[in-house]
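# Secondary and tertiary structure notes
What follows is the residue order along each chain.
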Amino acid sequence: MSDEDDLEDFEPDPDDLEKEDDEKETEEWEDYRKEGEELPEEWMPSPLTEDMMKEGLSLLCKTGSGLAHAYVKLELKERDLTDIYLLRSYIHLRYVDVSENHLTDLYPLNYLTHLLWLKADGNRLRSAQLNELPYLQIASFAHNQITDTEGISHPRLGSLDLKGNRIRMVTGLDPQKLISLHTLELRGNLLDSTLGINLPKLKNLFLEIKNTGPKT
C-alpha cells in the first residue's frame, strides 16, 4: 500500500492524538495575560537538532511502495525552539507537535506534503500561512500572535483552531478551497464581526465578538 492510500483512508481519532483540555488551556492563557506580563521580544537562538529529532520521533510506518519504513510522528513540545529548519528533510512525517516553543514561522513544514495533523500552539507565530498541504486534516495554532487568517487553503482540512490570537477580521478563508472545514475555533481574538466566514461544510463555529464601543 502506498503513502497516498494510507493518507486517503486516514480518519483522525482525537483520543488517540491525546487531545488536551481546551477549557483549562484557555483559562491558563487568560490568567497569564491578565497578570500584565509581556512576551519577551528576543529569545536566544535554539535550532532543532538531530538529537532532539531522535528523542521526538515515533510511530514507524511503511512508506512508498511498502518496502521502506519511516517514523511518521514527531513531538517537540516545550523545547525552547526558535528554528525547525531541520524538518525539511523529514518528508514522511504525518503528525507533528511543535507547541510551546518560540517559533515565529513554520515554513519548513511546507516540505511535509504527507502531513495529516499539526499542533503549533503557544509559539510566537504571526501567521498560520503554509503552502497547500493536500492531506492536512487537523491544524491548531492556538495562543500565538496571529493577526489574520490568510494563507490557509488545505482541501482536506476539517478542524482549524485559532483561539487566543490577535485576529480582528476574518479574510482569505476561501470556500472553494476549504471544502472540508467543519470546525473553526476563533475564541479569544479581537473580532468585531462574522464577516469573512462563509464555508460550505462548517458545522461548529466558536467565536466571541468584542465590544467596539468607546471605553469608559
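All of these numbers come straight from a predicted model, not from anything done at the bench. Throughout, residues of each chain are indexed from 1 in the direction in which the sequence is written. Side-chain atom pairs in this predicted model are given and counted only at pLDDT of 80 or more, local residue features only at pLDDT of at least 70, and totals for whole chains, interfaces and linings cover all residues. Each side-chain value is derived from all of the structure's non-hydrogen atoms; neither hydrogens nor water enter the calculation.

Glancing now at the overall build of the chain. Numbered from the N terminus, helices here are DSSP runs of H or I no shorter than four residues, and strands are runs of E no shorter than two. When its secondary structure is counted, the chain shows three helices and eight strands. Per-residue burial for the chain yields a buried fraction of 41% across its 216 residues. Residue burial considers only the protein chains on display, and all accessible areas are found by Shrake-Rupley using a 1.4 Å probe. With an accessible surface of roughly 12200 Å², the chain has 48% of that area assigned to carbon and sulfur atoms. Type-normalised accessible area, obtained with a 1.4 Å probe on protein chains alone, sets the label of each residue: buried when under 20%, exposed when over 50%, and partly exposed for intermediate values.

Here the focus is unusual backbone geometry. What you tend to see is this: most non-glycine residues have negative phi, and most peptide bonds are trans. Phi is positive for Glu-78, close to 55°, though the residue is something other than glycine. Along the chain, Glu-78 turns up in the loop between β2 (68-75) and β3 (95-97). For Asp-80, which is not glycine, the phi torsion reads 60° and is therefore positive. You can see Asp-80 is positioned in the loop between β2 and β3.

Note that Tyr-111 resides in the loop between β3 and β4 (117-119). For the pair Tyr-111 and Leu-87, spaced 24 residues apart in the sequence, the C-alpha separation amounts to 8.1 Å. Ignoring sequence-local partners within four residues, the contact set of Tyr-111 consists of Arg-88 and Ile-91. Residue contacts are counted whenever heavy atoms from the two residues lie within 4.5 Å of one another.

Residues belong to one nonpolar core when they are buried, are Ala, Val, Leu, Ile, Met, Phe, Trp, Tyr or Cys, and are joined through side-chain atoms within 4.5 Å. Membership of the largest hydrophobic core comes to 41 residues, with the highest contact counts inside it found for Leu-106, Phe-141, Leu-160 and Leu-162. Look past the residues within four positions of Leu-162 in its chain and what remains in contact with it is Ala-128, Phe-141, Ile-146, Thr-149, Ile-152, Ile-167, Glu-185, Leu-186 and Asn-189. Within the second largest apolar cluster, six residues are counted, among which are Cys-61, Tyr-95, Leu-116 and Trp-117.

Turning next to the confidence of the model for the chain. Detailed conclusions should not be drawn from predicted coordinates in areas where pLDDT is low. In this model, the chain carries a mean pLDDT of 85, and residues with pLDDT of at least 70 account for 77%. Scored between 0 and 100, pLDDT is the confidence that the predictor attaches to each residue. In the model, residues 14-21 has pLDDT below 50 throughout and makes seven contacts with residues more than four positions away in sequence or in other chains.

Side chains of Tyr-85, Ile-91, Tyr-107 and Tyr-111 sit close together on the surface and give an oily, nonpolar patch of about 400 Å² of accessible area. Topologically, Ile-91 is positioned in the loop between β2 and β3. Patch membership is restricted to residues that have no salt bridge and whose relative accessible area is over 30%. Joining uses 9 Å for like charges and 5 Å for the nonpolar side chains Val, Leu, Ile, Met, Phe, Trp and Tyr. Whenever a carboxyl oxygen of Asp or Glu lies within 4 Å of a side-chain nitrogen of Lys or Arg, that contact is scored as a salt bridge.

Further remarks concern the pairing of β2. A pair of strands is considered paired only if DSSP assigns at least 2 bridges between the two. Here strand β1 (residues 57-63) pairs with β2 via six bridges, running antiparallel. Its bridge partner being in β2, Lys-62 is matched across the sheet by His-69. The loop that links β1 with its antiparallel partner β2 comprises four residues; one of these, Gly-64, has a positive phi angle of about 55°. Note: β2 against β3, three bridges, orientation parallel. Bridge pairing links Glu-75 to Asp-97 in β3.

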